[in-house]
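# What the coordinates show
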Amino acid sequence: MNEVTAKRIAEFIAPLRVRPGAKVKLGKDFDPRYKADFLKKKDGRELLRTGISLLAEYQRRLAAQNSHGVLMCLQALDAGGKDGTIRHVMSGVNPQGVQVHNFKVPSTEELDHDYLWRYACRLPERGEIGIFNRSHYEEVLVVRVHPEHLVRQKLPPEAKGKDVWERRYREINDWERYLTDNGFHVVKLFLNLSKEEQRIRFLKRIDVPDRNWKFSAADVREREYWDDYQVAFSEMLSGTSTSWAPWYVIPADRKWFARICAAAIMVHTLIDIDPQYPTVSAEARADLLDVRKRLEKEAPKGAAADPYEKKIAAHKRAG
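Residues numbered from 1 in each chain as written. Predicted model: local features only at pLDDT ≥ 70, side-chain atom pairs only at ≥ 80, totals over all residues. Heavy atoms only, no water.

Of all the residues in helix α4 (residues 82-89), the buried ones are Lys82, Gly84, Thr85, Ile86 and Val89. Buried-residue contacts for α4 involve α3 (41-65), β1 (69-76), β2 (98-102), β3 (129-133), β4 (184-192) and α13 (255-273). (Buried < 20%, exposed > 50% of the residue type's maximum accessible area, 1.4 Å probe, protein only. Helix = DSSP H or I, 4+ residues; strand = E, 2+ residues; numbered from the N terminus. Contact = heavy atoms within 4.5 Å.)

Strand order in the open sheet made by the five strands is β2-β3-β1-β4-β5, with parallel pairing throughout. Among the strands making up the open sheet, the edge pair consists of β2 and β5 (247-251). The mean angle between the axes of side-by-side strands here comes to 20°, regardless of whether they run parallel or antiparallel. Of the strand pairs in this sheet, β1 and β3 are connected by five bridges, and their pairing is parallel. Bridged to Cys73 within β3 is Phe132. Here helix α12 (residues 226-240) sits on the sheet and contacts β1, β4 and β5; the angle it forms with β5, its principal contact strand, is near 140°. (Pairing = 2+ DSSP bridges. Axes fitted to C-alpha atoms, helices over the stretch in contact; angles between N-to-C directions.)

Scanning the entire structure with this criterion turns up three cavities of 30 Å³ or more. Its volume calculated, the largest cavity comes out at about 50 Å³. Lining the largest cavity are Gly80, Gly81, Thr85, Leu191, Arg201, Ala252, Lys255, Ala258 and Arg259. Among the elements that line the lining of the largest cavity, the one with the most residues is α13, at three residues. Within the lining of the largest cavity, the residues separate by chemical class into three nonpolar, three polar and three charged. (1 Å grid on protein atoms, 1.4 Å probe; cavity = no way out; pocket = protein on both sides within 12 Å on 5 of 7 lines; lining within 4 Å. Points joined across faces, edges and corners; volume = space filled by probe spheres on them. Nonpolar A, V, L, I, M, F, W, Y, C, P; charged D, E, K, R; others polar.)

Counting residues in hydrophobic clusters, the biggest one holds 46 residues, and the most contacted among them are Met90 and Leu189. Put simply, the parts of the chain that give this core at least two residues each are α1 (3-13), α3, β1, α4, β3, β4, β5 and α13. Considering each element in turn, this core owes the most residues, 14 residues, to α13. Among residues more than four places away in sequence, those in contact with Met90 are Leu55, Thr85, Val98, Ile129 and Ile131. (Core = buried A, V, L, I, M, F, W, Y, C linked by side-chain atoms within 4.5 Å.)

It is at 10 Å that the axes of α4 and α13 come closest, and there the two elements cross at 60°. Here α4 is positioned oblique relative to α13, judged by the angle of their axes. For α4 against α13, the interelement crossing comes out right-handed. Mapping the contact onto sequence places Gly84, Thr85, His88 and Val89 in α4 and Arg259, Ala262 and Ala263 in α13. Looking at the contact of α4 with α13 residue by residue, the classes come out as three nonpolar, three polar and one charged. (Parallel < 35°, antiparallel > 145°, perpendicular 65-115°, else oblique. Left-handed = near helix turned anticlockwise from the far one by under 90°.)

Looking now at the side chain of Arg205. Relative to the helices and strands, Arg205 is located in helix α10 (residues 195-207). Polar contacts involving the side chain of Arg205 include one to the main-chain carbonyl oxygen of Lys214, which spans 3.3 Å. Sequence-distant contacts of Arg205, that is, excluding residues within four places in its chain, are made with Ala79, Arg211, Asn212, Lys214, Phe215 and Asp219. (Polar contact = N/O pair within 3.5 Å; in protein donor to acceptor, adjacent residues only side chain to side chain.)

Turning to the pattern of salt bridges, a few remarks are in order. Counted according to the given criterion, the structure contains 21 salt bridges. For the salt bridge of Arg118 with Glu110, the shortest nitrogen-to-oxygen distance reads 3.4 Å. Judged by its relative accessible area of 9%, Arg118 falls in the buried class. Residues joined in a network through salt bridges with shared partners are Arg292, Glu296, Asp306 and Glu309. (Salt bridge = Lys/Arg side-chain N within 4 Å of Asp/Glu carboxyl O.)

On inspection of all chains with the given rule, the structure shows 11 aromatic pairs. Each ring, one from Tyr229 and one from Phe233, has its centre 6.4 Å from the other, and the planes form 35°; the classification is tilted. With a gap of four residues between them, Tyr229 and Phe233 both fall in helix α12, about one helical turn apart. Across the pair, exposure class does not vary: Tyr229 and Phe233 are buried alike. The structure contains a cluster of three or more aromatic residues connected by ring pairs, namely Phe12, Tyr34, Phe38, Trp256 and Phe257. In this structure, Arg61 is placed above the aromatic ring of Tyr58, and the distance from its NZ or CZ to the ring centre is 4.7 Å. Above the plane of the ring of Tyr115 lies Arg168, whose end atom (NZ or CZ) is 4.0 Å from the centre. (Phe/Tyr/Trp six-rings, centres within 6.5 Å; stacked < 30°, edge-to-face > 60°. Lys NZ or Arg CZ within 6 Å of the ring centre and 35° of its normal.)

Encoded structure:
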């Protein structure tokens, strides 16, 4: 990755980043229909392919180095495009190096632990990319909009005071700082969908038979809390965008642009990590050369002793 490309990616995603300490008002500060002026939809497909290719290369390095991990937290309202973003952006990476976890209504066992426990149990290993499709931020979003969920968490009275959300912001920030200090980078993406675009996507799920299965009447009922969610998202972004784990607000009304943004942010994160393939010691290299000689001697009559060596040499000449 040359410095010019890395700089262009950083500049591209800069308008999406929530500055740590900023007081966000979602409807005023971030436009769900925003897109970069220089980018047209017809060019988007090729740009996404480039992002996916870069992501695949860095993911191979991440797995080989095996010292860092990446956790991507993906938040959005219903029909925001979370599943499609995961499917398109991660399409080129090795499935063995990516784990996706969806968090539904907590089970009885999960409710018997602290609210971060079930998320901690699903963290990625070193060398992996973990994706939380909905994440621990549900605990300051859905739980805030629907206080009955807080009651179900069996908290003692002193843990349910007026400062519960500010306290959870602090606890989440501290937890994410702990993860980053231990080599796990936290990438937080909020797919910012407009109310009108959500309405259109719901109608499409109803009108197109192949999409009927995606529609749930519960989604429409949740839409009634739109204004409450806008407040919850705004305060969440204000309280938990930090220098070690910043939020990125991705305009989600244009799916093609949202996917490019998500890919660029993931590539930017991996560029910062800069994982490298491990190098072997001089002794190990000598052993490899010895094995190579033995394998060359086993070549059938008329076959190249090491056909791959010629391919590498040709590639170097071409490059």
